[in-house]
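Coordinates in review
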Amino acid sequence: MLVTKHFHLPDVGEGLTEAEILEWRVGPGDPVGVNDTIVEIETAKAVVELPSPYAGTVTEILCAAGEAVAVGAPIITFEVEDDGAPQAGPGLDARPQEPVDPPAPDEQPSAPAREPVLVGYGPAHARTARRPRKRKPEPPAVTPSTRKSLATPPVRKLARDLGVDLRLVAATGPSGRITREDVHRLAGKRATASNAPDLPRDDVVRTPIRGVRKHTAEAMVTSAFTAPHVTEWVTVDVQRSRKLLKRARADKAFGSVRLTALCLVIKAALTAIARHPEINAKWDAAAGEIVQYPDVNLGIAAATPRGLIVPNIAAAQRLSLREIALALTDLIDQARAGKTPPERMRNGTFTITNIGVFGIDGGTPILNPGEAAILCFGQVRRTPWEHKGRIRLRDTATLALSFDHRLVDGELGSLVLRDIARFLERPELMVLHQ
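Residues numbered from 1 in each chain as written. Predicted model: local features only at pLDDT ≥ 70, side-chain atom pairs only at ≥ 80, totals over all residues. Heavy atoms only, no water.

**Thoughts on the overall build of the protein chain**
What counts here: Starting at the N terminus, helices and strands are each numbered in turn, a helix being any DSSP run of H or I of at least four residues and a strand any DSSP run of E of at least two. Burial here depends on accessible area, computed with a 1.4 Å probe over protein chains only, as a share of the maximum for the residue type. Under 20% is buried, over 50% is exposed, and the range in between is partly exposed. Here a residue-residue contact requires only that any non-hydrogen atoms of the pair lie within 4.5 Å. Per-residue and other accessible areas follow the Shrake-Rupley method at a 1.4 Å probe size, with only the shown protein chains counted as cover for residues.
Along the protein chain, the regular secondary structure elements total eight helices and 19 strands. For the protein chain, the proportion of its 434 residues judged to be buried stands at 38%. Expressed as a percentage of contacts within the protein chain between residues at least 6 apart in sequence, the contacts between residues at least 24 apart total 62%. As displayed, the protein chain offers around 26,700 Å² of accessible surface, 54% of which is attributable to carbon and sulfur atoms.

**Thoughts on a nonpolar patch on the surface**
Worth spelling out the cut-off: In this scheme, patches are assembled from residues that exceed 30% relative accessible area and form no salt bridge. Like charges are connected within 9 Å, while nonpolar side chains (Val, Leu, Ile, Met, Phe, Trp, Tyr) are connected within 5 Å. Salt bridge, as applied in this entry: a Lys or Arg side-chain nitrogen positioned within 4 Å of an Asp or Glu carboxyl oxygen.
Together, Val357, Phe358 and Ile360 make up a nonpolar patch on the protein surface, roughly 320 Å² of accessible area in all. In this fold, valine 357 is placed in the loop between strand S16 (350-354) and strand S17 (373-377).

**Things to note about the sheet that holds strand S8 (residues 74-81)**
Here is the rule: Pairing between two strands is assigned when DSSP locates at least 2 bridges connecting them.
The four strands lie next to each other as S1-S8-S6-S3, forming an open sheet whose pairing is antiparallel. On the outer flanks of this sheet lie strand S1 (2-8) and strand S3 (31-32), each paired with one strand and no other. Relative to strand S6 (residues 56-61), S3 is paired through two bridges, and the arrangement is antiparallel. Considered in S6, the bridge of valine 32 is made with glycine 56.

**What about helix H7 (residues 410-425)?**
Formally: Helix span, as expected, comes to 1.5 Å for every residue beyond the first.
For H7, with 16 residues, the first-to-last C-alpha span of 22 Å sits near the 22 Å given by 1.5 Å per residue. Those residues of H7 that sit buried are Leu412, Gly413, Val416, Leu417, Asp419, Ile420, Ala421, Phe423 and Leu424. Its buried side turned inward, H7 meets strand S9 (229-237), helix H4 (239-250), helix H5 (261-275), S17, strand S19 (390-404) and helix H8 (429-432).

**Remarks on the sheet that holds strand S2 (residues 18-24)**
Quick note on the threshold: Inter-axis angles, ranging from 0 to 180 degrees, are taken between N-to-C directions of lines fitted to C-alpha atoms, where helices are fitted over the stretch in contact.
Taken together, the four strands give an open sheet; going across it, the order is S5-S4-S2-S7, and neighbouring strands pair in antiparallel fashion. Only two strands of the sheet have a single partner each, and these edge strands are strand S5 (47-51) and strand S7 (68-70). Sheet twist, expressed as the average angle between the axes of neighbouring strands with direction ignored, equals 40°. As defined by bridge partners, S2 adjoins S7 across three bridges and the pair is classed as antiparallel. Directly across from glutamate 20, in S7, lies its bridge partner alanine 68.

**Considerations on the confidence of the model for the protein chain**
When pLDDT drops low, the exact placement of atoms in the prediction is not to be read closely. Test applied: One number per residue, pLDDT, summarises how confident the predictor is, and it ranges from 0 to 100.
Taken residue by residue, the protein chain gives an average pLDDT of 83. The fraction at 70 or more is 81%. Ranking the helices and strands of the protein chain by mean pLDDT puts S17 first, with 98, and helix H2 (residues 180-194) last, with 79. Counting interchain partners and residues more than four positions distant, the pLDDT-below-50 stretch residues 94-100 has two contacts.

**Comments concerning the nonpolar core**
Inside soluble globular proteins, nonpolar side chains tend to come together where they are buried. The following threshold applies: Among the buried residues, those of types Ala, Val, Leu, Ile, Met, Phe, Trp, Tyr and Cys that are joined through side-chain atoms within 4.5 Å form a nonpolar core.
Membership of the largest hydrophobic core comes to 52 residues, with the highest contact counts inside it found for Ile266, Phe350, Ile352, Leu375, Leu399, Leu401 and Ile420. Val3, Phe7, Ile76 and Val80 belong to the second-largest nonpolar core, a separate cluster that totals 21 residues.

**Considering the pattern of salt bridges**
Overall, the coordinates contain 21 salt bridges when judged by the stated rule. One salt bridge connects arginine 167 with aspartate 165, and the closest N-O pair in it is separated by 3.0 Å. The salt bridge involving aspartate 419 is made with arginine 418; its shortest N-O contact spans 3.2 Å. On the accessibility criterion, aspartate 419 (0% relative accessible area) is buried. The exposure class of arginine 418 is partly exposed, given its relative accessible area of 44%. In this structure, a network of salt bridges that share partners links the residues Glu23, Arg25, Glu40, Glu49 and Lys339.

**Thoughts on the packing of H5 against H7**
For clarity, the threshold we go by: An angle below 35 degrees is read as roughly parallel, one above 145 as roughly antiparallel, one from 65 to 115 as roughly perpendicular, and any other as oblique. By the definition used in this description, the sense in which the near helix is turned from the far one sets the handedness, with an anticlockwise turn below a right angle giving left-handed and a clockwise turn giving right-handed. Think of it as three bins: nonpolar holds Ala, Val, Leu, Ile, Met, Phe, Trp, Tyr, Cys and Pro, charged holds Asp, Glu, Lys and Arg, and polar takes everything else, Gly as well.
Orientation of H5 relative to H7, taken along the N-to-C sense of each, is 135°, at an axis distance of 8 Å. One way to sum up the angle between H5 and H7 is to call them oblique. Crossing of H5 over H7 shows right-handed handedness. Contacts from Leu264, Val265, Ala268, Ala269, Thr271, Ala272 and Arg275 in H5 reach Val416, Arg418, Asp419, Ile420, Arg422, Phe423 and Leu424 in H7. Each residue belonging to the contact of H5 with H7 can be placed in one class, and the counts come to nine nonpolar, one polar and four charged.

**With respect to the side chain of arginine 394**
Along the chain, arginine 394 turns up in strand S19. Classification of arginine 394 by relative accessible area gives buried; the value is 10%. Apart from residues lying up to four places away in sequence, arginine 394 is in contact with Asp237, Gln239, Arg381, Arg382, Thr383, Trp385 and His387.

**Brief notes about a positive patch on the surface**
To keep things clear, this is the line we draw: By the counting scheme adopted, Arg and Lys are positive, Glu and Asp are negative, and His together with the chain ends is not counted. Charge positions come from single atoms, namely NZ of Lys, CZ of Arg, CG of Asp or CD of Glu.
A surface patch of positive charge is lined by Lys243, Arg247, Lys388, Arg390 and Arg392. Contributing elements (two or more residues each) for the positive patch: H4 and S19. When you line up the elements, lysine 243 lands in helix H4.

**Brief notes about the pairing of S16**
Within S16, five of the five residues are buried, which leaves the element mostly enclosed by the surrounding structure. Burial of the side chains of S16 extends over both faces: Phe350, Ile352 and Asn354 are buried on one face and Thr351 and Thr353 on the other. One ladder, built from three bridges, connects strand S12 (residues 298-300) with S16; its direction is parallel. Bridge pairing in S16 links glycine 299 to threonine 351. As paired elements, S16 and S17 share four bridges and run parallel to each other. By the bridge assignment, asparagine 354 is partnered in S17 with phenylalanine 377.

Here you go:
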């Protein structure tokens, strides 16, 4: 016996409320097996492929590509063999639908039991009628006239500063005198009118704000207006680090490993965090606690066609330089392909953003929500630098560390940034602090 099964959009483990349908891999009439990929969706953090929970035939696609769908909404139906075994799980029909008998005509539905509600919420009740308030009449509109406006010198100066023509001001003061409030009222009306939305135009491009970009915008606003940011800067001579990279690339142990300057920056940051583990923490306002983590889940800010994402390398402090390079390559390739798995988008503890690849020297990065610090790595460039008592051209780079001043004070932030700079200037010191 064939039965129809609905598949509901599941929460893919990120606690999100909606996702966008990117591409259907199946259509009506297509046969599918269990775990066959049926659709590609984009959540607020990543692109995810959803597998089929059933073996059968697709009967109907309920949501078109490009449509935003709420978690729990049905998106596709299947025709499957009814084996009598109930199935339940994320996105699956958990119980059969039973018909509901309509109430008899002479039966009245019983009133629902009253539930306690908060003040200002719940069912509305009749309210005691109140006497309407007396409103102050709006001053009559006026047009420019040749009469002399009655206003004191301070009010005239205010009108000049605000660009208000006193002949247009409706006076509400004694004996027809113009007050400061009258001037401000007209100035406010003009400001409101100037902020009116522009008329629709055909030559502008409007892009819906959703998916990764929507999530990033909300996260950045939350972070910027919740955590008090402090940013410190340092410029460092990275000539020795560049030479070390050159020697390492020639070593057979690294083979075809993509070893970049960012790999050394990561290693330097992890070594500095090991010396100052208090920065690997977050401010938990709800619990009234500072939460310090044993592992460094290192986030790497990655620009993708769908927007900025910050996947992380779990327990990065356990990795060697070669393993860091391999993990970084894998992370970047997944991000560019839009295939970052959801587990890589959660539980980050420290972030690095590399704006040097865009030819930029430095910036003031915004914290990834839930983290205490973020390191910004600028471009490596040749600059005049004092070295061994002489001015020479050296490879230098600028580092900027933004941190949450609620749990990272100036001393801790400075020590971490100083150590990162010191390890990049003299990379051999990292061996001594393993």
